[in-house]
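Breakdown of the fold
The lines below spell out each chain.
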Amino acid sequence: MKLTAARKKRMLGFDMTPMIDVVLQLIIFFLFTSQFGRVSPTPVDLPRQAGERDVEAAPADIVVDLLADGSLELDGRPITRTRVVARASTLRASGVDPVVIVRADRAMRAGPLNDLAVALSEAGVRRWRLATEPAGGG
């Protein structure tokens with residue numbers, strides 16, 4: 001069987017179409033399954049206060065929700081005070097002075113917030129803020 005020049009050239013060529021199809025399907029799969037941005041925050045009835053006017057533009061390193069029953073949540077998942085402090089300590093160990101924002105529910109008693117504040121202070125966290133809603137907010 002004798003091969004013609006055109007047939008030899010076609011045999012030596014490489015068809016990229018199947019590989020491009022697979023790569024595009026993988027890209028589409030990962031786009032649909034990945035999360036963009038933060039998880040939507042847990043609905044918390046924040047205290048109504050004017051708050052600070054000149055809050056720095058840098059985002060918080062840790063945002064903790066303190067629910068009405070005194071439990072803690074981080075990114076919508078339950079977490080213990082010890083784990084929050086460990087996360088802040090890990091950031092401090094890596095050279096970051098962590099900023100912690102506590103979103104405390106208005107209906108919550110002050111004890112859990114005080115306990116968290118003491119634990120953060122003992123861990124060396126110097127910058128933590130209590131999230132508030134504008135006084136006129138509904």
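Presented here is an overview of the structure given in this document.

Reading the values: rules and limits
Residues numbered from 1 in each chain as written. Predicted model: local features only at pLDDT ≥ 70, side-chain atom pairs only at ≥ 80, totals over all residues. Heavy atoms only, no water. Phe/Tyr/Trp six-rings, centres within 6.5 Å; stacked < 30°, edge-to-face > 60°. Buried < 20%, exposed > 50% of the residue type's maximum accessible area, 1.4 Å probe, protein only. Helix = DSSP H or I, 4+ residues; strand = E, 2+ residues; numbered from the N terminus. Pairing = 2+ DSSP bridges. Right-handed = clockwise from strand over helix to strand, strands pointing away. Axes fitted to C-alpha atoms, helices over the stretch in contact; angles between N-to-C directions. Contact = heavy atoms within 4.5 Å.

The geometry of an aromatic ring pair comes down to the distance between the two centres and the angle between the two planes. Scanning all chains against the criterion turns up one aromatic pair. Aromatic side chains F29 and F30 sit 5.2 Å apart centroid to centroid with 70 degrees between the ring planes, which places their arrangement in the edge-to-face category.

Our next topic: the pairing of strand β4 (residues 99-104). Within a regular strand, the side chains alternate between the two sheet faces. Here β4 lies mainly inside the structure; five of its six residues are buried. Across five bridges, the pairing between strand β1 (residues 62-66) and β4 is parallel. From the neighbouring strand, L66 faces β4, where its bridge partner is A104. In the sheet, β4 pairs with strand β5 (residues 127-130) via four bridges, with the strands oriented parallel. The residue of β5 that forms the bridge with V99 is R127. Handedness of the crossover joining β4 and β5 through helix α4 (residues 110-122): right-handed.

Pairing within the open sheet is mixed, and its five strands lie in the order β3-β2-β1-β4-β5. Since the sheet does not close on itself, it has two edges, and those belong to β3 (77-79) and β5, each with one partner. Strand-to-strand twist across the sheet, computed as the mean angle between neighbouring axes with direction ignored, equals 35 degrees. Strands β1, β2 (72-74) and β3 of the sheet are contacted by helix α3 (residues 81-93), whose axis makes an angle of about 165 degrees with β1. Of the strands in this sheet, β1, β2, β4 and β5 are in contact with α4, which crosses β5 at around 165 degrees.

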